[in-house]
Amino acid sequence: MWLDMPSVRVSFARLHESITQSYGTTRRDGWVEWLSKSIALLPIIALATFVSGCATNYYPMKGDSRPHPGVARAHTLPIHGIDVSRHQGEIDWQAVARAGTRFAFIKATDGGDYLDPLFQQNWRLSREAGIPRAAYHFMYWCRPADEQVAWFAANVPPDPDALPPVLDLEWNNGSQCRPTLSREKVLEKVRIMLAGMEAHTGKVPIIYTEINFHRDILEGVQLDNPMWLRSVAAEPRERYRDRPFTFWQYTQTGTVPGVRGDVDRNAWYGSEAEWIQFFMTGCDPRSFQRLAIQGRCAASR
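Definitions and limits used
- Residues numbered from 1 in each chain as written.
- Predicted model: local features only at pLDDT ≥ 70, side-chain atom pairs only at ≥ 80, totals over all residues.
- Heavy atoms only, no water.
- Salt bridge = Lys/Arg side-chain N within 4 Å of Asp/Glu carboxyl O.
- Buried < 20%, exposed > 50% of the residue type's maximum accessible area, 1.4 Å probe, protein only.
- Disulfide = S-S within 2.5 Å.
- Helix = DSSP H or I, 4+ residues; strand = E, 2+ residues; numbered from the N terminus.
- Phe/Tyr/Trp six-rings, centres within 6.5 Å; stacked < 30°, edge-to-face > 60°.
- Lys NZ or Arg CZ within 6 Å of the ring centre and 35° of its normal.
- Polar contact = N/O pair within 3.5 Å; in protein donor to acceptor, adjacent residues only side chain to side chain.
- Contact = heavy atoms within 4.5 Å.

Caption draft 1: Broad picture of the pattern of salt bridges. Considering all chains together, one arrives at 16 salt bridges under this definition. Across the pair R286 and D284 runs a salt bridge whose closest N-O atoms are separated by 2.7 Å. Residue classification places R286 among the partly exposed positions, given a relative accessible area of 45%. Note on D284: relative accessible area 5%, which makes it buried. Connected through salt bridges with shared partners, the residues E198, D224, R290 and R296 form a single ionic network.

This is the structure we're talking about:
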């Protein structure tokens, strides 16, 4: 079992040190107690899941104003989170945490000159509420990739306790920019961004994408990155060829205490144990061994 691996024990020690530096001993002890209890309860959680079969909703305090039957399986997954930007307005992060939210993707930057006006506030308050969070960058296709890397790095701190950063890859149909880039040029920009974000944060970036961009550009491309896939009317396996998801954005009409109006809801692909491993190492457990050999996961450094 991965909890007995020496590399994971080393990772836990480093996480302990990082939490002490970031939060102080009082909050550190709270985190360690929570993690210890979670680890101790893993066999019970696994047994309960096996016995009960498919749960209907792990977090009944959350909802969906327009639920779609095609994504019902998302509610049987145990780890859920949200993604937010200025469009959600000011958020009561303590209420979001009390609702059982396990992670948050927070909009940070666009292109090479836009910073979400609520990013710094959301970044700080979500941390204070104890919610693991990641900053995401929206890619512009008419801006050099190295300028976008520099802009992201200038505005997003490389917090050791943050989740890996996110690169948001979509066709920006609302922009005045109409790029005529080949698939190879688009992939070149993507690789520059991913390498720059990883160099800045020390973590393998997550890729967010939607059906059209994946079909046009990413389909068939070998990627080391955890994939956050948008699919709000069907399971990702029905929409993305040969692309397992790490995170699944399954609705844009979610409701969560602490957030006014609709908010995107997301689910982690796996179990509680796999989530803790990701939280501690920054790598998808399914690719951990391969990436750890390269020194790209926290437990391998």
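Past the structure itself, the notes keep going.
Caption draft 2: Examining the state of the cysteines more closely. According to the stated counting rule, one finds one disulfide in the structure shown. A sulfur-sulfur distance of 2.1 Å marks the disulfide that ties C283 to C297. The sign of the -100° torsion about the S-S bond sets the C283-C297 disulfide as left-handed. Pair noted here: C283 is in the loop between α7 (272-281) and α8 (288-293) and C297 is in the segment after α8, with a separation of 14 residues, a long-range link.

Caption draft 3: Expanded view of the packing of aromatic side chains. Summed over all chains, the structure comprises 21 aromatic pairs. Measuring from centroid to centroid gives 6.3 Å for F247 and W275, while their planes differ by 85°, and the two rings are edge-to-face. Taken together, the positions of F247 in strand β9 (residues 247-255) and W275 in helix α7 put the pair 28 residues apart, joining distant regions of the chain. A network of ring pairs unites the aromatic residues F103, F105, Y136, Y208, W228, F247, W268, Y269, W275 and F278 as a single cluster. Cation over ring: R133 sits above W123, and NZ or CZ is 3.8 Å from the ring centre. Looking at R286, its charged tip hangs above the ring of Y269, at a distance of 3.7 Å from the centre.

Caption draft 4: Up close: the side chain of Q88. Secondary-structure assignment places Q88 in the loop between β2 (80-84) and α2 (93-98). For Q88, a relative accessible area of 13% gives the class buried. A distance of 2.9 Å separates a polar side-chain atom of Q88 from the backbone nitrogen of S85.

Caption draft 5: Spotlight on the environment of Y240. Inspection of the secondary structure puts Y240 in the loop between β8 (227-230) and β9. Note on Y240: relative accessible area 2%, which makes it buried. Taking the C-alpha atoms as reference points, Y240 and L229, eleven residues apart in sequence, are found 8.5 Å from one another. Leaving out residues up to four positions away in the same chain, Y240 has contacts with T209, E210, I211, H214, L229, R230 and S231.

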